[in-house]
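# Chains, contacts and geometry: an overview
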Amino acid sequence: SESSQFCDAGFGYGESCGVSSSSSTKLLIKGGTVVNAHEMEVADVYVEDGIIVAVRPNIKVGDDVIVLDATGKFVMPGGIDPHTHLDMEFMGSGTIDDFFSGQAAALAGGTTMHIDFVIPVNGSLLSGLEAYEKKSKKSCMDYGFHMAITKWDEVVSKEMEIMVNEKGINSFKFFMAYKGSFMINDELLLQAFKKCKSLGALAMVHAENGDAVYEGQRRMIELGITGPEGHALSRPPVLEGEATARAIKLAGFVNTPLYVVHVMSIDAMEEISRARKSGLKVIGEPVVSGLVLNDSWLWDPDFITAAKYVMSPPIRAAGHGKALQAALSMGTLQLVGTDHCTFNSTQKALGIDDFQKIPNGVNGIEERMHLVWDTMVESGQISVTDYVRVTSTECARIFNIYPRKGAIRAGSDADIIILNPNSSFEISAKSHHSRSDTNVYEGWRGKGKVEVTISGGRVVWLNDELKVFPGSGKYVEMRPFSYLFNGIGKADAKYLSSLKAPVKRFRATT
Ligand code: URP
Ligand code: ZN
Ligand code: ZN
């Protein structure tokens, strides 16, 4: 059974330290450095019934409490991954990780919540949500949903209202690429941005010019470039930059906040930077693959090795990742996702003769917390508090679930990690928890290891062992009008008053 993959395989610590599938466990995390997005202090954290009850030094407890010693380690909010695709039908395949295996992998890597993209069924949001409600029943950690919009009519417009007002969804994603499947046009974008604004929902874009990508693909095929490198060559950074600029300008025209997912290039990042400097509310999400990998793998002579790096927008040449890291450290980009969307080698092989048929997507849900630490904190580019901000707190704020999530403070959910900065990690498909038979970070060794993950008050990752239960994860409803909407009304009023009264003109009478 699915649960036996992790639960019944001889993990003795559960019984011996009183861990059970219920969240009634009492826990004390002792002596660690508690890190929030704006401060850190040495303190104890006391947890009861899945909620953090107290954060202060020298908390005394009775014998019925499990005590975890965190001396010399960081106690931080569990990671929140804003961008995943579990159990998704895409490009003629289904992603190999479902809501159980993907979440188990996440927990092993210190991520305790993710937000997945519901894909409508024949354009219907309600049918799409119903399908994802079924898929997510096996969840072993908390999760939320964004909703993709793939067509536009009155029904979709009404369904958006239902999503926001009744279903706990406060963000909608628009694909400006994937011509012939998910891609939408500017007219839809405008109408839907208006609708998002009226609902207080965040508009999100996959920003690539899908028509130009299609043209680029024709060009590569005519040139006889059919391998994975053709994927990168057919959709260069300029097409990402163009779509990012267009989405930003349309969102600015409507005066609604915009979230650009998987920012992969300097071109897109610079558009976001310009927009933010001009006062527009634009959020940029780099993903871990874009931050730490480069496109050289796509030229690997072994097809499967190259194909595993195919995702969209493509992983770029080395300078882009470095620039994205700098932008993250400067606050031009705000939070890190993964776009976890895994296909195994046989699925990737669908594109052996034609790169256009390689299912797009890479892993990352298990690796993100380690790689951001190793790449950004260990190198001194960001502080430990910034680490918490970009991996957890900012996501919680943007999607309006802060401080329930993204904080170590009394009243917050007990989604907590203990990271040992002096310990090391190594990534391999042989030891990861995803069902994928490959890993794009294969062989990566780094410093800073998540030694303990606590999800909803339960220790689920300890001593390199997982103890997770299908059905224990909860759906997290997200309310509209996050902080990004503050001031939108005032800006509208200012704009309207700037228009002045309509000019009165006299018609000549004959
Ligand atoms: O290649 C990718 N990114 N696959 C997932 C779908 C998407 O565009 O986010
Ligand atoms: Zn995308
Ligand atoms: Zn995605």
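### Re the coordination of the zinc ion (ligand 3)
- Each protein donor to the zinc ion (ligand 3) is listed here as His-83 (NE2), His-85 (NE2) and Asp-339 (OD); together their distances run 2.0 to 2.1 Å.
- Each of the 4 donor atoms around the zinc ion (ligand 3) contributes to a set of angles spanning 86 to 139°, which defines the coordination as irregular.
- Positions of the donor residues of the zinc ion (ligand 3), expressed as sequence spacing, correspond to H-x1-H-x253-D.
- Separating the zinc ion (ligand 3) and the zinc ion (ligand 2) is a distance of 3.8 Å. Of this pair, His-85 sits in the loop between β6 (79–84) and β7 (89–90) while Asp-339 sits in the loop between α13 (318–330) and α14 (345–348), and the two are 254 residues apart along the sequence. Exposure class is identical for His-85 and Asp-339. Each is buried.

### Details of the side chain of Gln-103
- Tracing the backbone shows Gln-103 in helix α3 (residues 101–108).
- At a separation of 3.0 Å, a polar atom in the side chain of Gln-103 contacts the main-chain amide nitrogen of Met-141.
- Those residues in contact with Gln-103 that lie beyond four places of it in its chain are Leu-86, Asp-98, His-114, Ser-139, Cys-140, Met-141 and Tyr-143.

### Looking at the coordination of the zinc ion (ligand 2)
- In this structure, His-206 (ND1) and His-262 (NE2) serve as the protein donors to the zinc ion (ligand 2), at separations of 2.1 Å.
- Relative to the metal, the 4 donor atoms surrounding the zinc ion (ligand 2) lie at angles of 56 to 147°, and the coordination shape comes out irregular.
- Relative accessible area serves as the criterion here: at 0%, His-206 is assigned to the buried category.

### As for the confidence of the model for the protein
- Mean pLDDT for the protein: 95, with 95% of residues reaching 70 or above.
- A low-confidence stretch, residues 1–23 stays under pLDDT 50, and its non-local contacts, those more than four residues away or across chains, total 51 contacts.
- The ipTM assigned to the predicted complex is 0.99, against a pTM of 0.95.

### Observations concerning the layout of surface pockets
- Approximately 350 Å³ is the volume found for the largest pocket.
- When residues of the lining of the largest pocket are traced back to their parent elements, those giving at least two are β7 and α7 (210–222).
- Of all the elements, α7 adds the most residues to the lining of the largest pocket, at 5 residues.
- In the lining of the largest pocket, the residues fall into 7 nonpolar, 8 polar and 4 charged.

### Structural notes on the packing of aromatic side chains
- Within the structure shown, the criterion is met by 18 aromatic pairs.
- An angle of 75° between the planes, with centres 5.8 Å apart, marks the rings of Phe-174 and Phe-193 as edge-to-face. In this pair, Phe-174 sits in strand β11 (residues 171–175) while Phe-193 sits in helix α6 (residues 186–199), placing the two residues 19 residues apart along the sequence.
- Overall, the relative accessible area of 0% leaves Phe-174 in the buried class.
- Ring pairing ties together the aromatic residues Phe-99, Tyr-132, Tyr-143, Phe-145 and Tyr-475, which thus form one cluster.
- Lying across the ring of Tyr-132, Lys-135 places its NZ or CZ 4.4 Å from the centre.

### Some remarks on the site of ligand 1
- What surrounds ligand 1 is a group of 14 residues, the closest being His-85, Tyr-178, His-206, Ser-312 and Asp-339.
- Side-chain polar atom of Lys-173 to an oxygen atom of ligand 1: 3.3 Å apart, as the coordinates give it.
- The separation between an oxygen atom of ligand 1 and a polar side-chain atom of Tyr-178 is 2.6 Å.
- Protein contacts shield 100% of the accessible area of ligand 1, which totals 260 Å² for the unbound molecule.
- In this structure the site holding ligand 1 corresponds to the largest cavity.
- Looking at the shell around ligand 1 residue by residue, the class counts come to 5 nonpolar, 7 polar and 2 charged.

### Concerning the sheet that holds β11
- Reading across from one edge, β6-β9-β10-β11-β12-β13-β14 is the order of the 7 strands in this open sheet, with parallel pairing throughout. At either end of the open sheet lies a strand with only one pairing partner, and these are β6 and β14 (282–284). Along the sheet, successive strands turn relative to each other by an average axial angle of 25°, direction set aside.
- Where strand β12 (residues 202–206) and strand β13 (residues 258–260) come together, 3 bridges link them in parallel fashion. By the bridge assignment for β13, Ala-203 is matched with Leu-258.
- On the sheet, α6 packs against β10 (142–149), β11, β12 and β13 and is oriented at approximately 175° with respect to β11.

### Concerning the packing of helix α9 (residues 237–254) against helix α10 (residues 266–277)
- Relative orientation of the contacting elements α9 and α10 amounts to 25°, with a least axis distance of 7 Å. By the criterion of interaxial angle, the relationship of α9 to α10 is roughly parallel. You can see that α9 and α10 cross each other, and the crossing is right-handed. For the pair α9 and α10, the contacting residues are Pro-237, Val-238, Glu-240, Gly-241, Thr-244, Ala-245 and Ile-248 in the first and Asp-267, Ala-268, Glu-271, Ile-272 and Ala-275 in the second.
- Taken together, the residues that form the contact of α9 with α10 break down as 7 nonpolar, 2 polar and 3 charged.

Procedures and definitions
Residues numbered from 1 in each chain as written. Chains lettered and ligands numbered in written order. Predicted model: local features only at pLDDT ≥ 70, side-chain atom pairs only at ≥ 80, totals over all residues. Heavy atoms only, no water. Donors = N, O, S within 2.8 Å, 3.2 Å for Na, K, Ca; no water. Tetrahedral: all angles 85-135°; square planar, octahedral: opposite > 155°, others 65-115°. Helix = DSSP H or I, 4+ residues; strand = E, 2+ residues; numbered from the N terminus. Buried < 20%, exposed > 50% of the residue type's maximum accessible area, 1.4 Å probe, protein only. Polar contact = N/O pair within 3.5 Å; in protein donor to acceptor, adjacent residues only side chain to side chain. Contact = heavy atoms within 4.5 Å. pLDDT = per-residue confidence, 0-100. 1 Å grid on protein atoms, 1.4 Å probe; cavity = no way out; pocket = protein on both sides within 12 Å on 5 of 7 lines; lining within 4 Å. Points joined across faces, edges and corners; volume = space filled by probe spheres on them. Nonpolar A, V, L, I, M, F, W, Y, C, P; charged D, E, K, R; others polar. Phe/Tyr/Trp six-rings, centres within 6.5 Å; stacked < 30°, edge-to-face > 60°. Lys NZ or Arg CZ within 6 Å of the ring centre and 35° of its normal. Near = heavy atom within 4 Å. Areas by Shrake-Rupley, 256 points an atom, 1.4 Å probe, with all protein chains shown as cover. Sits in = over half its atoms within 2 Å of the grid points. Pairing = 2+ DSSP bridges. Axes fitted to C-alpha atoms, helices over the stretch in contact; angles between N-to-C directions. Parallel < 35°, antiparallel > 145°, perpendicular 65-115°, else oblique. Left-handed = near helix turned anticlockwise from the far one by under 90°.

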